[in-house]
Amino acid sequence: MLDCGMHMGYNDDRRFPDFSYITQNGRLTDFLDCVIISHFHLDHCGALPFMSEMVGYDGPIYMTHPTKAICPILLEDFRKITVDKKGETNFFTSQMIKDCMKKVVPLNLHQTVQVDDELEIKAYYAGHVLGAAMVHIKVGSESVVYTGDYNMTPDRHLGAAWIDKCRPDILISESTYATTIRDSKRCRERDFLKKVHETIERGGKVLIPVFALGRAQELCILLETFWYRMNLKAPIYFSTGLTEKANHYYKLFITWTNQKIRKTFVQRNMFEFKHIKAFDRSYADNPGPMVVFATPGMLHAGQSLQIFKKWAGNEKNMVIMPGYCVQGTIGHKILNGQRKLEMEGRATLDVKLQVEYMSFSAHADAKGIMQLIRMAEPRNMLLVHGEAVKMEFLKGKIEQEFRPLPDPKKPRTMHGTLIMKENSLKLVSSEQALKELGLNEHQLRFTCRVQLQDPHSDTDTLHRIYTHLKSVLKGYTIQHLPDGTVMVDSIVIKVSSSAEDTNTKVLLLSWSYQ
């Protein structure tokens, strides 16, 4: 089983996967060899205790060391919001989270793990968040790569995803941003800082809903440096509790971060912020400007939603959504321009504050997905974790660029015209070369005659040739045309009887080149 997540947009049975697809009754252990968790985000691990403890699974659960450390914290945090604050039932307990984590087997990067006699797995660095991994799964000569969530561009605290040229039978890739090619990160960062600064200058408050680990640290490093450079005094706060834990894990798993952080770590820890303080819920009512990072990231519950409700009525304020929001969440609604929101208990909330979306998302964009395909050279491709219309679009792009998928071991033919001009060389398409050099296109026609003995009429002979070619030539386009010719790809075959002997047939083969 690859990942075991929950849906953030639902509060009923649809929240967790329907495990009856695996078995109607009894435990899941008999049907699963292992469970692999790619990273600690709840849409990838949120149903884990429900599956192992409430449905029943006793087999191994594989995840990396950082994921094993952070996963139970986020699960417990979510359990508190759901059970203790909202009073929901049919949910896992704290003890269940602990029992579930006892079944976890930690994975190291690039280490081949033999799950049983047939199945072996190997993890690769995926960027995205601390501890995120892609997994190469092999059984005999068949193999699958599952990406989980990944990022092909390094950011301020993590490196870029990487995998061997492992040529799997199937590459299962996330496609959250299937139709997006993101602008340069520098531009986005400049834009983000400008919007925060303008809001602070006019005395407004900025709410940045984030998940506790990942994008939060990225934006904290960005604001910390900006505040220092601009000597700004407005306070920046971060949801309590989780920052300390986050910093602790970044120190602990420093090898999973990027080069710059590892280098500077000896002199100073990038995650010990001077300008960013712990947030207390009473601060939300304080007058004057402030910036608050609050969890969770989609405004579907918790502290970020509480602050949003308080600040939504003032047009001086701003909410910056730095990542993707699932349908059904408040985040998704306000990003789609909804200005009146129905809250719990039929209350209506008027949204007057400014809503901005800036993708600091740690997902691969369309360019990144293409890059990974080039890296791994899979035989087939399966897109998941995205929206149907966008996946369809990306499917077309992949087919256009990679089909037919070349056999990587065969030399590839390149078609074009080499232009040598003033000591420089360039390879361009023939059409472009003709245009640039002011030449006209010529057509060369090649013909070839073949004689054979056949007592049948010309039409019968041609039909028999057509039937024979159809049976022996696979992968060619063979057509019997109404003008009495057979066409094999671009070669035209005509049959005529010899003037001296009607039993002697002459086959005229002709083809043209531009």
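Going by an unreviewed UniProt entry, the protein chain carries the name Integrator complex subunit 11 and comes from Nibea albiflora.

This brings us to the sheet that holds strand S20 (residues 444-453). Spatial strand order, S20-S24-S23-S22-S21: five strands in an open sheet with antiparallel pairing. A strand with exactly one partner marks an edge of an open sheet, and here the two such strands are S20 and strand S21 (478-481). Across the sheet, the axes of successive neighbouring strands diverge by a mean angle of 20°, strand direction being ignored. Relative to strand S24 (residues 504-513), strand S23 (residues 491-497) runs antiparallel, the two being bridged by six bridges. The partner of Lys494 across the bridge, within S24, is Leu508.

Among the structural elements, Met298 can be located in the loop between strand S12 (290-294) and helix H9 (302-311). Not counting residues up to four positions away in its chain, the partners in contact with Met298 are Met8, Phe211, Met321, Tyr324, Cys325, Val326, Thr329, Ile330 and Gly331.

A few words on helix H14 (residues 458-472). Helical geometry: 3.6 residues make up each α-helical turn, so side chains three or four residues apart lie on a common side. The end-to-end C-alpha distance of H14 is 21 Å, a good match for the 21 Å that 15 residues give at a rise of 1.5 Å each. Inspection of H14 places Thr461, Leu462, Ile465, Tyr466 and Leu469 among the buried residues, and these make up the whole buried set. Projected down its long axis, H14 carries its buried residues within an arc of 140°, all on one side. On its buried face, H14 sits against S20, S21, strand S22 (485-488), S23 and S24.

Moving on: the packing of aromatic side chains. All chains considered together, the criterion is met by 15 aromatic pairs. Taking 4.8 Å as the distance between ring centres and 45° as the angle between the ring planes, the aromatic pair formed by Tyr237 and Tyr283 counts as tilted. Here the residue Tyr237 occupies a position in strand S10 (residues 236-239), and Tyr283 occupies one in the loop between strand S11 (276-279) and S12, the gap between them amounting to 46 residues. Between Phe446 and Trp511, the ring centres sit 5.9 Å apart and the planes meet at 10°, which makes this aromatic pair stacked. Within this pair, whereas Phe446 is found in strand S20, its partner Trp511 is found in strand S24, the two being separated by 65 residues in sequence. Taking the relative accessible area as the measure of exposure, Trp511 reaches 24% and is therefore partly exposed. Pairwise contacts between aromatic rings join Phe16, Phe19, Phe50, Phe78, Phe91 and Phe92 into one cluster.

With respect to the helices, strands and loops of the structure, Glu218 is situated in helix H6 (residues 215-230). Judged by relative accessible area, Glu218 falls into the buried class, the value being 3%. Those residues within four positions of Glu218 in sequence are excluded, and the remaining contacts are Asp155, Arg156, His157, Lys185 and Glu189.

What follows covers the side chain of Ser173. Assignment of secondary structure puts Ser173 in strand S8 (residues 170-174). Side-chain polar atoms of Ser173 contact the side chain of Tyr150, separated by 2.9 Å. Contacts of Ser173, omitting those with residues within four sequence positions, involve Thr147, Tyr150, Ile369, Met381, Leu382, Leu383 and Val384.

Taken together, the side chains of Lys80, Lys85, Lys245 and Arg281 present a region of like positive charge at the surface. Counting through the fold element by element, Lys80 comes out in helix H3 (residues 65-85). Its relative accessible area of 43% is what places Lys80 among the partly exposed residues.

For the peptide bond that leads from Thr295 to Pro296, omega is -5°, which places it in the cis range. Within the element layout of this structure, Pro296 appears in the loop between S12 and H9. Its identity as a non-glycine residue notwithstanding, Glu377 has a phi of 50°, on the positive side. Tracing the chain through its elements places Glu377 in the loop between helix H11 (366-376) and strand S17 (380-384). According to the relative accessible area criterion, Glu377 is partly exposed, its value standing at 21%. A positive phi is found at Glu422, a non-glycine position, where the angle reads about 45°. As for its placement among the helices and strands, Glu422 is situated in the loop between strand S18 (417-421) and strand S19 (424-428). According to the relative accessible area criterion, Glu422 is exposed, its value standing at 76%.

Secondary-structure assignment places Phe50 in helix H2 (residues 48-56). As for Phe50 and Asn317, which are separated by 267 residues in sequence, their C-alpha atoms are 39 Å apart. With residues up to four places along the chain from it excluded, the contact list for Phe50 reads Phe16, Phe19, Val55, Asn90 and Phe92.

Scanning all chains against the criterion turns up 22 salt bridges. Lys103 is the partner of Asp58 in a salt bridge, and the nearest nitrogen-oxygen pair spans 3.7 Å. Highlighted residues: Asp58 in the loop between H2 and strand S2 (61-64) and Lys103 in the loop between helix H4 (94-101) and strand S3 (104-107), separated in sequence by 45 residues. On the basis of relative accessibility, which here comes to 44%, the residue Asp58 falls in the partly exposed class. For Lys103, a relative accessible area of 18% translates into the label buried. We note a salt bridge from Glu399 to Lys395, for which the minimum N-O separation is 3.7 Å. In this pair, Glu399 and Lys395 both sit in helix H12 (residues 388-402), four residues apart, roughly one turn of the helix. A relative accessible area of 31% places Glu399 in the partly exposed class. Residue Lys395 is classed as partly exposed on the basis of its relative accessible area, which comes to 40%.

Looking now at the pairing of S21. The two faces of the sheet receive side chains in turn, since in a regular strand these alternate between them. Across four bridges, the pairing between S21 and S22 is antiparallel. Note that in S22 the partner of Gln479 across the bridge is Met487.

Calculation notes
- Residues numbered from 1 in each chain as written.
- Predicted model: local features only at pLDDT ≥ 70, side-chain atom pairs only at ≥ 80, totals over all residues.
- Heavy atoms only, no water.
- Pairing = 2+ DSSP bridges.
- Helix = DSSP H or I, 4+ residues; strand = E, 2+ residues; numbered from the N terminus.
- Axes fitted to C-alpha atoms, helices over the stretch in contact; angles between N-to-C directions.
- Contact = heavy atoms within 4.5 Å.
- Expected span 1.5 Å × (residues − 1).
- Buried < 20%, exposed > 50% of the residue type's maximum accessible area, 1.4 Å probe, protein only.
- Arc of directions from axis to C-beta.
- Phe/Tyr/Trp six-rings, centres within 6.5 Å; stacked < 30°, edge-to-face > 60°.
- Polar contact = N/O pair within 3.5 Å; in protein donor to acceptor, adjacent residues only side chain to side chain.
- Patch = residues over 30% accessible without salt bridge, like charges linked within 9 Å, V, L, I, M, F, W, Y side chains within 5 Å.
- Areas by Shrake-Rupley, 256 points an atom, 1.4 Å probe, with all protein chains shown as cover.
- Salt bridge = Lys/Arg side-chain N within 4 Å of Asp/Glu carboxyl O.
- Lys, Arg positive; Asp, Glu negative; His and termini not counted.
- Charge placed at Lys NZ, Arg CZ, Asp CG, Glu CD.

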